[in-house]
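Architecture and fold: a report
Residue-level listing of the chains:
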Amino acid sequence: MEEKIRSILEKHVYDGPGYVDIIVYVKPEQRESKLVLEGDDLVFHTVEPDVAGRPNADLVRYLAQLLNIPTSRVEVVYGTRDTTKRVRIYEVDRDTVIEALVKVLASSEESS
């Protein structure tokens, strides 16, 4: 299961100089805020309505908490008004991000 998740994440997580980018699709107004895989897409379900950047803020908080870093090191750099986002995480390496995502996605797959 984890290898399949890891191979899907390889398509959504990109390394840059001093940062890592994640491509994620956001679905507002869901029952709970969580990160899931839907097919080959990385999807963030948020309880927030699609107004005033609230889904973006929830995504930033979620990823910062997941990686145990300050929210100031997480930023939506593309797609602020679209459902597909490019989220940049500063001062973290790609392997750390992928491992954290695999852990949370594997546990959400097991519980569904």
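Look up: the structure comes first, before these words.
Report on the accompanying structure. (Residues numbered from 1 in each chain as written. Predicted model: local features only at pLDDT ≥ 70, side-chain atom pairs only at ≥ 80, totals over all residues. Heavy atoms only, no water.)

Okay, the nonpolar core next. Leu9, Leu35, Val97, Leu101 and Leu105 are the most contacted members of the largest nonpolar core, which totals 32 residues. A per-element tally of this core places helix H3 (residues 94–111) first, with eight residues. In contact with leucine 35, not counting residues within four places along its chain, are Val24, Leu42, Val43, Phe44, Tyr62, Leu101, Val104, Leu105 and Ser108. (Core = buried A, V, L, I, M, F, W, Y, C linked by side-chain atoms within 4.5 Å. Buried < 20%, exposed > 50% of the residue type's maximum accessible area, 1.4 Å probe, protein only. Helix = DSSP H or I, 4+ residues; strand = E, 2+ residues; numbered from the N terminus. Contact = heavy atoms within 4.5 Å.)

The next thing to look at is the pattern of salt bridges. All chains considered together, the criterion is met by 10 salt bridges. The residue lysine 34 makes a salt bridge to glutamate 32 at a minimum N-O spacing of 3.8 Å. Note that glutamate 48 is salt-bridged to arginine 54, the shortest N-O span being 2.8 Å. A relative accessible area of 16% places glutamate 48 in the buried class. (Salt bridge = Lys/Arg side-chain N within 4 Å of Asp/Glu carboxyl O.)

Once that is clear, we can look at helix H2 (residues 54–67). Taking 1.5 Å per residue, 14 residues should reach 20 Å; H2 reaches 20 Å between its end C-alpha atoms and fits that length. For H2, the complete set of buried residues consists of Pro55, Asn56, Asp58, Leu59, Val60, Tyr62, Leu63, Ala64 and Leu67. Positive backbone phi, approximately 55°, marks asparagine 68, located one or two places after H2. (Expected span 1.5 Å × (residues − 1).)

This next bit is on the packing of aromatic side chains. In the structure shown here, the tally under the stated rule is two aromatic pairs. Ring plane angle 65° and centroid distance 6.3 Å describe the contact between tyrosine 19 and tyrosine 90, whose orientation is recorded as edge-to-face. With a gap of 71 residues between them, tyrosine 19 in strand E2 (residues 19–27) and tyrosine 90 in strand E6 (residues 84–90) connect regions that are remote in the sequence. In this structure, arginine 88 is placed above the aromatic ring of tyrosine 19, and the distance from its NZ or CZ to the ring centre is 3.9 Å. (Phe/Tyr/Trp six-rings, centres within 6.5 Å; stacked < 30°, edge-to-face > 60°. Lys NZ or Arg CZ within 6 Å of the ring centre and 35° of its normal.)

A positive phi angle is found at alanine 52, which is not glycine, with a value near 50°. Residue position: alanine 52 is located in the loop between strand E4 (41–45) and H2. For asparagine 68, which is not glycine, the phi dihedral falls at a positive 55°. By the element assignment, asparagine 68 lies in the loop between H2 and strand E5 (74–78). A residue is classified by how much of its surface remains accessible, and asparagine 68, at 70% relative accessible area, is exposed.

Let's shift gears to the environment of tyrosine 62. Locating tyrosine 62 in the fold gives a position in helix H2. As for tyrosine 62 and serine 7, which are separated by 55 residues in sequence, their C-alpha atoms are 22 Å apart. Each residue touching tyrosine 62, except ones within four places of it in the same chain, is listed here: Ser33, Lys34, Leu35, Phe44 and Val104.

Relative to the helices and strands, arginine 6 is located in helix H1 (residues 2–9). Those residues in contact with arginine 6, other than ones at most four positions away along the chain, are Ile98, Glu99 and Val102.

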